Amino acid sequence: MELCIQLSITMLGKQLIQNNLFEIGIPKLKKLIRYIRSKPGAFQEDERTKKLQRYEADHFLEPFAGLTPEYMEMIIQFGFVTLFVASFPLAPLFALLNNIIEIRLDAKKFVSELRRPVAARAKDIGIWYNILRGVAKVAIIINAFVISFTSDFIPRMVYQYMYSPDGSMHGFVNHTLSYFNTSHFEAGRETIDPLHLGFPVEVCRYKDYREPHWSSTPYEVSKEFWAVLAVRLAFVIIFQNVVMLMNDVVDWLIPDIPKDISLQIHKEKILLIDLFMKEEQGKISVGERRAPSTLTENCSRRSNSSTHHAKTDHLDSTRHTNSTSRF
């Protein structure tokens, strides 16, 4: 109950009211302070009355500090919602209301209260995704312990199936109460008025699994305590594995990328491969066309060179014959 009250105050007071007020109030206050500090002097009174340019008006806005505070706020909210949802089941509803309001406040803040951020490519949210997965896994274990150790769910099941004579819940309260002899109070801790009920009380009952005062081991934990503890630990293990299995099944059934988008990406890849193959085939066909022409040019060059050599040899032989006849 104490945890439920704390979570209700946190989700209602801090998340829904305080954070959203600071979300829009702090940037406006910083904008006002920045404008007052950069206010021109009296000699520039005429220029101050002029309409400011867009870049001059943006100078008074708060610089963009990054998305780390926004991510941190969502991580803290996700932790409150998932870690202790068994204690405060209304936490997801208040988180939804907070996010609906914060979407509009963040839109106004980024559009009119902050300078334009520098765009940067990002494949995903980075390390924050691993943090969310870690918090979700820890939340399963914590909720299992909360359900097992802070409720009467397990003791009721143990009593109904192990100790009840007729399989009903009749006698459950008496089963969970132990005996205490009032004469065993330590010195200085006795009741102030033993007769405040009109008669002396020799035995009282308290909620715990302990041996009675007439047992050989008085006030020691009883075997019922160990049975309930064993069932609680078994419930934690079973609950953890079942929820993680369901998480994996849902993760498999609902892919990260929708089916239509994955089909479109596949079609784009096929088109790119076809375009690449067409380009390669075009290069090969151009190379094959150039090869015969190159071969023809080489053959013509070789025939021309052989003809030229033959003519040169014929001229040389003619000259040699003429010179011989003259001699």
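Because the structure is predicted, anything quoted here is derived from the model rather than measured.

Chemist: When you look at the layout of surface pockets in this model, what are you seeing that I'm missing?
Modeler: If a probe as big as a water molecule is rolled over the atoms, it shows which places are left empty. Space inside the largest pocket adds up to approximately 500 Å³. For the lining of the largest pocket, the elements supplying multiple residues, two or more each, are α1 (2–37), α4 (68–83) and α5 (91–113). With eight residues, α1 is the single largest residue contributor to the lining of the largest pocket. A per-class count over the lining of the largest pocket returns eleven nonpolar, three polar and seven charged. Of the voids in this model, the second largest pocket is the one considered here, and its volume is about 420 Å³. Along the walls of the second largest pocket sit 16 residues, with Phe78, Ala136, Lys137, Ile140 and Asn247 positioned nearest its centre.

Chemist: Looking at this structure, how should I read the side chain of Ser148?
Modeler: Its location among the elements puts Ser148 in helix α6 (residues 127–149). The exposure class assigned to Ser148 is buried, which follows from its relative accessible area of 0%. When sequence neighbours within four positions are dropped, the list of residues in contact with Ser148 reads Ile154, Arg232, Phe235 and Val236.

What counts, and at which threshold
Sequence order as written defines the numbering, with residues in each chain counted from 1. Whole-chain, interface and lining totals are the exception, using all residues; otherwise, since this is a predicted model, local features are given only for residues with pLDDT of at least 70 and side-chain atom pairs are given and counted only at 80 or more. Only heavy atoms go into the side-chain values, all of them from the structure, while hydrogens and water stay out. The distinction between a cavity and a pocket rests on a 1 Å grid over the protein atoms alone: a 1.4 Å probe fits inside a cavity but cannot get out, while a pocket stays open yet meets protein on both sides within 12 Å along at least five of seven lines, and a residue with an atom within 4 Å of a point counts as lining. Grid points are joined across faces, edges and corners, and a volume is the space filled by probe spheres set on the points. The helix and strand labels rest on DSSP assignments: H or I over at least four residues marks a helix, E over at least two residues marks a strand, and numbering proceeds from the N terminus. Gly falls in the polar group here, along with every residue not listed as nonpolar (Ala, Val, Leu, Ile, Met, Phe, Trp, Tyr, Cys, Pro) or charged (Asp, Glu, Lys, Arg). Each residue is assigned to one of three classes by its accessible area relative to the maximum for its type, calculated with a 1.4 Å probe on protein chains only: buried under 20%, partly exposed between the two thresholds, exposed over 50%. In what follows, residue pairs with any heavy atoms lying within 4.5 Å of each other are defined as contacts.

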